[in-house]
Structures are given as structure tokens and as C-alpha cells.
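Per-entry structural report
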Amino acid sequence: MTLTAADDLAFSSVVELAGLVRARRVSPVELAQVYLARIERLDAKLGAYITVLREAAVAAARQAEATVMHGGTLGPLHGVPYAVKDQFDTAGVATTVGSRILEDNVPTEDATVIARLGAAGGILLGKLNLTEFALGGTRRFPFGQPRNPWNPDHDPGGSSSGSGIAVAAALCAASLGEDTGGSVRSPASWCGVVGLRPTWGRVSRHGSFPLSWSMDTAGPLTRTVEDAALMLQVIAGPDPRDPLTSRRPVPDYSAALNNGVRGLRIGIIRELTFGAETDGEVREAVSAAARRLEGLGAAVEETSLPLVLLAGAIFMALADADGAGVHQHWLRTRAMDYDEGTRRRLLTASLIPAAACQQAARARALLRAQIHGALARHDLLLCPTAHQAAPPIAAGQAPITSRAEVAGRFFTRRSYVTPAALAATPAIALPCGFTRAGLPISLQLIGRPFDEPTVLRAARAYEQATDWARRRPPV
Amino acid sequence: MGELTREQVGAMAAAVGLPVTLDDVAEVTHRLNALLDALGPLAELPLATVEPVPVLPDEPPAP
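Now for a look at the structure at hand.

About the thresholds
Residues numbered from 1 in each chain as written. Chains lettered and ligands numbered in written order. Predicted model: local features only at pLDDT ≥ 70, side-chain atom pairs only at ≥ 80, totals over all residues. Helix = DSSP H or I, 4+ residues; strand = E, 2+ residues; numbered from the N terminus. Rg over C-alpha atoms; globule rule 2.2 N^0.38 Å. Buried ≥ 20, exposed ≤ 12 C-beta atoms within 10 Å, placed from the backbone. Contact = placed C-beta atoms within 7 Å. Pairing = 2+ DSSP bridges. Axes fitted to C-alpha atoms, helices over the stretch in contact; angles between N-to-C directions. Core = buried A, V, L, I, M, F, W, Y, C linked by C-beta atoms within 7 Å.

**Points about the overall build of chain A**
Looking only at helices and strands, chain A has 15 helices and 11 strands in total. Computed over its C-alpha atoms, the radius of gyration of chain A comes to 21 Å, within 12% of the 23 Å expected for a compact globule of 475 residues. Judged by the C-alpha coordinates and their principal axes, chain A covers about 60 × 60 × 45 Å. Of all 475 residues assigned to chain A, the portion counted as buried reaches 60%. Counting only contacts in chain A whose residues sit at least 6 apart along the sequence, the fraction spanning at least 24 positions is 80%.

Right, here's the structure in full:
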């Protein structure tokens with residue numbers, strides 16, 4: 001196979017690859033080797049992977065190939081190579097959660113989502129890099145600096161950094177991330193891929209290292225919306241090992257995917273799209289995306305969520321305090337084994353006054369009511385996924401020397417992705433343009449709880465009407 | 001709440017048994033003051049009447 005042919009195969013969608021395997025036009029072994037060769041060639045400069053499972057992936061692919069050849073039952077991901085954030089337990093494979101503290105942690109069983117992806121026939125290529133313990137703000141990544149495939153001097157986003165990079169650079173067909181307050185959507189945004197945060201409770205958290213019990217959720221990162229629907233189909237549903245998973249039946253996420261947006265009512269969140277914090281190029285691209293959706297038949301109008309710009313601070317008071325609880329033992333016994341940025345964030349969270357957390361919890365309920373109220377008037381809400389395109393890596397590495405810097409580095413950007421987390425609604429990030437410097441810009445669509453079908457349907461309609469998803473990074 | 005000083009933050013950390021370096025204290029002070037500033041507007045909201053809500057809305061009954 002020529003390099004060009006191999007690259008074309010690597011950039012194919014999950015749905016296409018699964019079809020090629022099923023039709024015996026591509027062998028799962030060949031497919032695994034295509035991705036492993038790309039990882040070998042590109043990952044040293046991108047830092048997407050912490051662990052690459054070369055032998056195990058080829059062995060699993062050989063088994064998948066034998067099943068195809070013997071006419072066995074094929075799952076929806078049969079023979080398709082994927083990778084997962086190193087936050088999910090994998091039996092017999094180190095799960096570091098991006099920290100030296102857990103570098104020797106080898107779980108004895110798979111997380112529920114890993115087991116489901118395996119049962120669907122997926123081939124696990126490896127474990128992906130992340131900000132330490134899935135918190136943002138890591139300054140020195142213990143397992144290598146993750147880099148943006150569109151410009152390696154720029155931040156790929158986090159916390160599921162490697163999950164975004166690996167999908168954008170075709171170092172896997174699809175990946176799994178975890179989104180507490182934007183950790184799937186932020187890397188999807190800055191790496192120019194699709195990232196889906198499912199409704200909280202739709203996907204099991206069992207075997208995923210926790211940050212905040214009321215917001216943590218696994219979600220797929222993919223190159224197409226159709227792939228996001230397929231990946232969600234595989235991982236969604238109740239799990240007796242996670243009592244917080246919903247008992248609602250899981251719908252067929254592909255059934256209405258191509259129904260278009262005609263008749264849908266979409267509200268543009270004024271504060272996040274047209275506010276002063278939003279970069280001009282981002283505002284322009286997202287406004288153009290809204291007009292495109294209108295052109296496709298949706299009824300689009302502005303809507304106001306006055307509390308939404310407080311979302312970042314509310315989120316950090318709640319999720320960081322939860323995280324501080326998770327980390328108290330190590331903060332007391334292994335403080336210097338944390339990255340400096342992680343340690344200082346967790347120390348800060350440990351000292352938040354209880355009254356402030358309680359106020360934040362009540363403000364969350366008000367914000368949630370505001371979001372759900374808007375979703376009673378609109379089928380979807382629309383806004384940028386991030387207020388700016390990927391910043392330089394160096395911008396996030398310097399120590400903080402003033403309180404004004406904290407607001408810029410933490411609260412502002414989180415106010416774009418945390419509303420969906422605080423309101424327990426599904427949200428998708430998808431490419432909607434590029435800056436003049438060639439960095440991706442991302443559109444976010446937020447839906448009603450458990451209405452992923454409408455979120456996916458609108459995202460698919462937009463994706464089909466544009467060519468952003470077909471662009472490849474210059475790696 | 002007024003602005004916290006480094007000495008106060010260092011003392012709070014020590015009181016709850018968290019080991020911190022001087023550089024940690026300097027940055028944690030900025031972070032904590034910034035967060036409390038950012039949460040300041042919440043005091044203007046009608047929080048006293050907020051009722052708790054389930055995170056999973058309208059969950060069907062267990063079988």
C-alpha cells in the first residue's frame with residue numbers, strides 16, 4: 001500500500017472502515033498496522049499516546065480477521081482501531097490518569113465503556129495523553145507535551161488532549177474522552193474534530209478515574225458526526241456498576257441522523273457568541289454557521305442566558321472542590337509528585353470556604369433553570385465551543401502572578417463549555433471554520449437532556465453542508 | 001470577603017495539614033482571591049429560595 005493510500009484509509013470514518021472490514025475489502029490487521037505505522041511516524045512530535053499496545057492490537061486484529069473469514073458475528077466496530085484517554089481502567093494495562101502518582105497503576109478489570117467498545121469489536125490501540133488527573137492547567141506533562149496537529153506550538157486543549165490529537169491526526173479511527181466541564185469538547189474544538197458530551201447519566205462512569213461525581217461523563221471524539229452517533233450507541237446505557245446511569249431506553253442514534261434541521265428552533269446564546277470575551281474570528285465563524293443552519297431550514301434567533309458568564313467560576317467552585325476531596329490523601333502525602341499547576345489548583349480547591357461552595361451549588365440550580373427554560377423555547381442552543389482558537393502552549397505554562405490572570409486562564413474559557421455540564425445536558429462540538437492563522441474554530445450545539453438524537457441530527461446537517469470535516473492537519 | 005493575604009492562606013493550608021511551599025502559597029493566594037472575586041456576584045442572586053433539584057430529570061421508576 002502506498003503512503004497516500006494508507007493515509008486515505010487512516011482518515012476514513014469509523015462507519016466507512018467498519019463497512020470495509022465487513023465487506024472483506026480491508027483486513028483488521030492491515031488497518032491496525034496502518035495506524036500503528038502513523039503512530040510510529042508522527043506521535044513523537046504530537047505526544048498523543050502514553051501507551052501504545054502494538055502487540056496486543058495486532059493480536060486482537062488477527063482474531064478479528066479470523067472472525068470475519070469464518071463468517072462469525074461482527075459487532076458495529078468490528079476490526080476498527082480506536083484509542084482511549086488514559087483515565088479509563090484497562091485490565092492488565094497501566095492507567096496513569098496522566099500522573100506520575102499512578103504510573104504503576106495496573107487495573108485488573110476494564111471500565112464499562114472499555115468493555116463495551118471491546119464487545120463491539122473495536123481494536124484498542126493504546127492509552128491517550130491527558131492533563132494530569134483530567135484537571136486543566138498542567139504545566140509539565142509527565143508523559144510528554146501534547147501538541148496541536150494544526151500547529152505544534154499550540155495547545156491541543158484538554159483534558160482529553162491526546163484524544164483530540166489522535167483523531168485529528170488519524171492516529172486512530174476514533175477515541176474516547178471524558179468530559180467533566182468541557183474535557184471532550186475543548187480538545188475537539190482546538191484540534192478540529194467532533195466531540196460529544198452525552199447527557200450526564202447516559203454513559204457509565206464505572207472504571208473512570210473521578211473528578212466530579214455530578215458532572216463526569218465519557219464521550220467520543222471522532223472525525224464525523226455519524227461516527228459520534230455510532231460510538232455513543234456502543235457505550236450508552238444503564239450499568240448496574242454505576243448507580244447513577246439512567247434507566248431510560250437508549251434510542252437508535254443513527255435513525256434520524258439525516259433528517260435535516262427544517263423546523264428546528266435554534267437559540268444563539270447572545271452572551272457567549274456576541275459578548276466581548278469572544279474573539280472576532282470565532283464570532284464571525286459561529287455567526288456564519290448559524291446563518292448556514294438557518295439556510296438549511298432551522299428557525300434561528302438570539303436568546304439570552306444572563307447567568308452563563310458565571311458558569312466557569314460556579315463550575316470551578318463545585319468540580320474543583322469535588323476534586324480536592326478525591327485528592328486529599330495524595331495532597332498530604334505526595335504533594336510534590338503532582339505537576340506544579342495541578343498541585344496549586346487542588347490546593348486552592350481545598351481552601352474554598354464551604355459557604356462559597358454552597359452558594360455555587362444554589363447558583364448552579366438557577367443557571368440550570370435558565371438553560372432548561374431556554375431549551376423549552378428552543379430545540380437547541382448554539383454558541384462557540386471556545387472563546388478563541390488554540391493559544392500557544394507557552395501561554396499556559398507560566399506560573400500565575402496575579403488574580404486577573406486566573407480569570408483569563410480559567411473562568412472565561414470555562415464559561416463556554418461548563419453550562420452544559422452544570423445543566424446535565426448533551427452538547428456537541430464540531431468544526432465550523434479556521435482562523436487566518438490556520439487554527440480550527442468550533443461550533444457548539446446544546447440539546448435537551450437525553451435528546452442526543454436532535455443534537456446529532458443538527459450537527460450532521462451542518463457538517464454535510466460544509467467541508468470543514470474533510471480538512472486534514474499539516475502533519 | 002476581603003482579600004486574603006499570603007500569610008492567611010499559608011495558615012489555612014497549615015491548619016488543615018496541607019504541605020505548601022512559599023511559591024505555592026503565592027500562587028494559591030492569587031487563585032483563591034480570583035475565585036472568590038468571581039463568585040462575588042452570586043451574593044446578588046436570590047439563592048435563599050433555591051430548592052434542590054435531581055441531576056437526572058424525570059427518571060423513570062426502577063423496574
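**Some points on the interface of chain B and chain A**
Contacts between the two partners involve 33 residues from chain B, matched on the other side by 37 residues from chain A. Within the residue set of the side of chain B that touches chain A, elements represented by two or more residues are α1 (6-15) and α2 (22-39) of chain B. Sort the elements by how many residues they give to the side of chain B that touches chain A and α2(B) lands first, with 13 residues.

**Notes on helix α12 (residues 340-350) of chain A**
Across the 11 residues of α12(A), 10 count as buried, placing the element largely inside the fold. Every buried residue of α12(A) is accounted for by Gly341(A), Thr342(A), Arg343(A), Arg344(A), Arg345(A), Leu346(A), Leu347(A), Thr348(A), Ala349(A) and Ser350(A). Structurally, α12(A) contributes buried residues whose contacts are with α11 (311-333) of chain A together with α1 and α2 of chain B.

**Observations regarding the environment of Leu124(A)**
Residue and element names in this part refer to chain A. Along the polypeptide, Leu124 turns up in strand β3 (residues 123-128). Sequence separation between Leu124 and Ala60 is 64 residues; the distance between their C-alpha atoms is 8.2 Å. Sequence-distant contacts of Leu124, that is, excluding residues within four places in its chain, are made with Leu53, Ala57, Tyr82, Ala83, Val84 and Gly118.

**With respect to the sheet that holds strand β11 (residues 440-447) of chain A**
Residues and elements named next belong to chain A. Taken in spatial order, the 11 strands make up an open sheet running β1-β3-β2-β4-β6-β5-β10-β11-β9-β7-β8, and their pairing is mixed. In the strand order of this sheet, the two ends are held by β1 (49-52) and β8 (299-303), each with one partner. Strand after strand, the sheet turns through a mean of 25° between neighbouring axes, direction not considered. With 5 bridges joining them, strand β2 (residues 81-85) and β3 adopt parallel strand pairing. Within β3, the residue paired with Pro81 across the bridge is Ile123.

**Some words on the nonpolar core**
All names here are of chain A. Formed by 167 residues in total, the largest nonpolar core has its most connected members in Ile314, Ala317 and Ile428. Considering each element in turn, this core owes the most residues, 10 residues, to α11. Beyond its immediate sequence surroundings of up to four residues, Ile428 is in contact with Val194, Leu196, Ala228, Leu445, Val455, Leu456 and Ala459.

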